[in-house]
Amino acid sequence: MGTVQAVNISDRTGEKKHEVDSITLIEDYGVEHDAHGGSGRQVSLLALERIEDMKKALDTLKAGDFAENITTTGVAASELAPGMRLVVGEAELEITQIGKTCHHGCAIRKQVGYCIMPKEGVFGRVVRGGKVQKGDPIGILRS
């Protein structure tokens, strides 16, 4: 259904994430070596298609700039709901939240006037850990 386009981590909270070759998702924790590991929103996903839309307003945007761990194609927030499960690479995620409130210091909101994370950001809990890398498939598990 979808594809991983980039995987991203940050060393400290409050900074943009940078792309890495692969990430390891840890059950009930999140992304190994990411500053947000262990938080309530363990893993974040954002569609590259939405980032491309935002590039019309700010052409320097790239994967990780919205602090997403996994940049996707073919998976839209509108197709997902809390409780749904995704297989991403070797891992399995349960969707816990769609959207979030941007913090007041959101650099993109300051530059452009709006941000896509409040409606398009997808957050999940790691149900089964494993490695995730660019090119991995993303599938929705049907119940």
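Procedures and definitions
- Residues numbered from 1 in each chain as written.
- Predicted model: local features only at pLDDT ≥ 70, side-chain atom pairs only at ≥ 80, totals over all residues.
- Heavy atoms only, no water.
- Helix = DSSP H or I, 4+ residues; strand = E, 2+ residues; numbered from the N terminus.
- Rg over C-alpha atoms; globule rule 2.2 N^0.38 Å.
- Buried < 20%, exposed > 50% of the residue type's maximum accessible area, 1.4 Å probe, protein only.
- Contact = heavy atoms within 4.5 Å.
- Areas by Shrake-Rupley, 256 points an atom, 1.4 Å probe, with all protein chains shown as cover.
- Lys, Arg positive; Asp, Glu negative; His and termini not counted.
- Charge placed at Lys NZ, Arg CZ, Asp CG, Glu CD.
- Core = buried A, V, L, I, M, F, W, Y, C linked by side-chain atoms within 4.5 Å.
- Salt bridge = Lys/Arg side-chain N within 4 Å of Asp/Glu carboxyl O.

Under an unreviewed UniProt entry, the name given to the protein chain is MOSC domain-containing protein, and the source organism is Pseudodesulfovibrio methanolicus.

If you tally the helices and strands in the protein chain, you get three helices and 11 strands. A compact globule built from 143 residues would reach a C-alpha radius of gyration of about 15 Å, and the protein chain, at 14 Å, matches this within 12%. Along the longest, intermediate and shortest principal axes, the C-alpha atoms of the protein chain span 40 × 30 × 25 Å. By the burial criterion, 45% of the 143 residues in the protein chain qualify as buried. Put simply, of all contacts in the protein chain between residues at least 6 apart along the chain, 67% involve residues at least 24 apart. Accessible surface, the protein chain as shown: approximately 7200 Å² in total, 47% of it carbon and sulfur. When the 18 positive and 20 negative side-chain charges of the protein chain are each reduced to one mean point, those points stand 6 Å apart.

Attention now goes to unusual backbone geometry. Positive phi is not limited to glycine here, since Asp28 has a value of about 55 degrees. With respect to the helices, strands and loops of the structure, Asp28 is situated in the loop between strand 3 (22–26) and strand 4 (30–31). In this structure, Ala67 is a non-glycine residue whose phi angle is positive, near 65 degrees. Note that Ala67 resides in the loop between helix 1 (48–54) and strand 6 (70–73). For Ala67, a relative accessible area of 29% translates into the label partly exposed.

The subject of this paragraph is the environment of Gln133. With respect to the helices, strands and loops of the structure, Gln133 is situated in strand 10 (residues 130–133). Residue classification places Gln133 among the partly exposed positions, given a relative accessible area of 31%. Considering only alpha carbons, one finds Gln133 and Val20, 113 residues apart in sequence, at a separation of 8.5 Å.

What follows deals with the nonpolar core. With 22 residues, the main nonpolar core has Ile23, Leu25, Val43, Ile70, Leu86, Val88 and Val132 as its most contacted residues. Residues Ile51, Met54, Leu61 and Phe123 belong to the second largest nonpolar core, which totals 13 residues.

This next bit is on the pattern of salt bridges. One pass over the structure, following the stated rule, counts eight salt bridges. With its nearest N and O atoms 3.0 Å apart, the salt bridge here joins Arg85 to Glu92. Of the residues examined, Arg85 reaches a relative accessible area of 31% and is grouped as partly exposed. Overall, Glu92 belongs to the buried group, its relative accessible area being 10%. With its nearest N and O atoms 3.1 Å apart, the salt bridge here joins Arg128 to Glu92. Of this pair, Arg128 sits in strand 9 (residues 122–128) while Glu92 sits in strand 8 (residues 91–98), and the two are 36 residues apart along the sequence. For Arg128, a relative accessible area of 37% translates into the label partly exposed.

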